[in-house]
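The residues making up each chain are set out below.
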Amino acid sequence: MKLFYKPGACSLACHIMLRESGKDFTLNSVDLMQKKLENGEDFFAVNPKGQVPALLLEDGTLLTEGVAIMQYLADGVPDRQLLAPTGSISRYKTLEWMNYIATELHKGFTPLFRPDTPEEYKPTVRALLEKKLQYVNASLKDDQWICGQRFTIADAYLFTILRWARAVKLNMEGLSHIDAYMARMAERPAVAAALEAEGLK
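Parameters and conventions
Residues numbered from 1 in each chain as written. Predicted model: local features only at pLDDT ≥ 70, side-chain atom pairs only at ≥ 80, totals over all residues. Heavy atoms only, no water. Core = buried A, V, L, I, M, F, W, Y, C linked by side-chain atoms within 4.5 Å. Buried < 20%, exposed > 50% of the residue type's maximum accessible area, 1.4 Å probe, protein only. Helix = DSSP H or I, 4+ residues; strand = E, 2+ residues; numbered from the N terminus. Phe/Tyr/Trp six-rings, centres within 6.5 Å; stacked < 30°, edge-to-face > 60°. Lys NZ or Arg CZ within 6 Å of the ring centre and 35° of its normal. Contact = heavy atoms within 4.5 Å. UniProt positions renumbered as here; feature names shortened; annotations may be inferred.

Per an unreviewed UniProt entry, the chain carries the name Glutathione transferase GstA and comes from Silvania confinis.

Here it is as structure tokens:
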């Protein structure tokens, strides 16, 4: 498999999951500003959406959208228990978190990364995100991972997005459960390896 990614972008979550799955894969960095691959080829020729992550499967199928990619990877290695089986409430609680991270957190950061966002709008965006981070912090109060006592695909995604909170200097004061969670995540071998491979350590 081949993962098209940008260092530190949302594709990091899929990179972590590839390493957690134990599957063989290669990495291909994408310049998202120029929409070019490392070899200079047009990224739109790979993914017409022009976004990462994109995962090229061994049979030539291209899978896009991080939430779908992570579910695909987890379902391919059921013995690793990265996502509970179909029909179990645990699976849907994990997917509940995946949707929250995607729609409320991930997309919530987008205006802070766009150069055309009016400066006067950014404090509103930051305040909304900081309120949501308080909810995440409270949700981690009694659990080692976001869905309980077992690491899941939601953790790979949440860790990736929470890294952005520090990058844009959101107010993280008092979010001690998030701090402890980020430290736990960084100690996972797959996470450490993904960060190092992307030059983020």
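Describe the nonpolar core, and please don't skip the residues or the numbers.
Counting 56 residues, the largest nonpolar core has Phe109 and Ile178 as the members making the most contacts within it. Those elements giving two or more residues to this core turn out to be β1 (2-5), α1 (11-21), α2 (66-75), α3 (89-113), α4 (122-139), α5 (153-167), α6 (176-187) and α7 (189-197). Counting residues in hydrophobic clusters, the runner-up holds eight residues, among them Val30, Leu32, Leu37 and Val52.

Pulling in residues and values, what's your account of the packing of aromatic side chains?
Summed over the entire model, instances satisfying the criterion amount to nine aromatic pairs. With centroids separated by 6.3 Å and ring planes inclined at 75°, the aromatic side chains of Trp145 and Tyr181 adopt a geometry described as edge-to-face. On the criterion of sequence distance, the pair formed by Trp145 in the loop between α4 and α5 and Tyr181 in helix α6 is long-range, its members being 36 residues apart. Put simply, the rings of Trp97, Tyr100 and Tyr135 pair up and form one aromatic cluster. Lying across the ring of Trp145, Arg188 places its NZ or CZ 5.3 Å from the centre. Here the guanidinium or amino end of Arg188 rests over the ring plane of Phe151, the centre of that ring lying 3.8 Å away.

Can you break down the environment of Val30 residue by residue, with the values?
Mapped onto the elements, Val30 comes out in strand β2 (residues 26-31). Note on Val30: relative accessible area 4%, which makes it buried. In sequence terms Val30 and Pro7 are 23 residues apart; their C-alpha atoms lie 8.7 Å from each other. The residues contacting Val30, other than those within four sequence positions of it, are Phe4, Tyr5, Lys6, Lys36, Leu37, Phe43 and Val52.

So what's going on with the UniProt feature "domain: GST N-terminal" (unreviewed entry) in the chain? Which residues, and what values?
Those places that UniProt annotates as "domain: GST N-terminal" (unreviewed entry) correspond, in this numbering, to residues 1-81. Within the segment residues 1-81, helix and strand shares are 26% and 22% respectively, and the terminal C-alpha atoms sit 21 Å apart.

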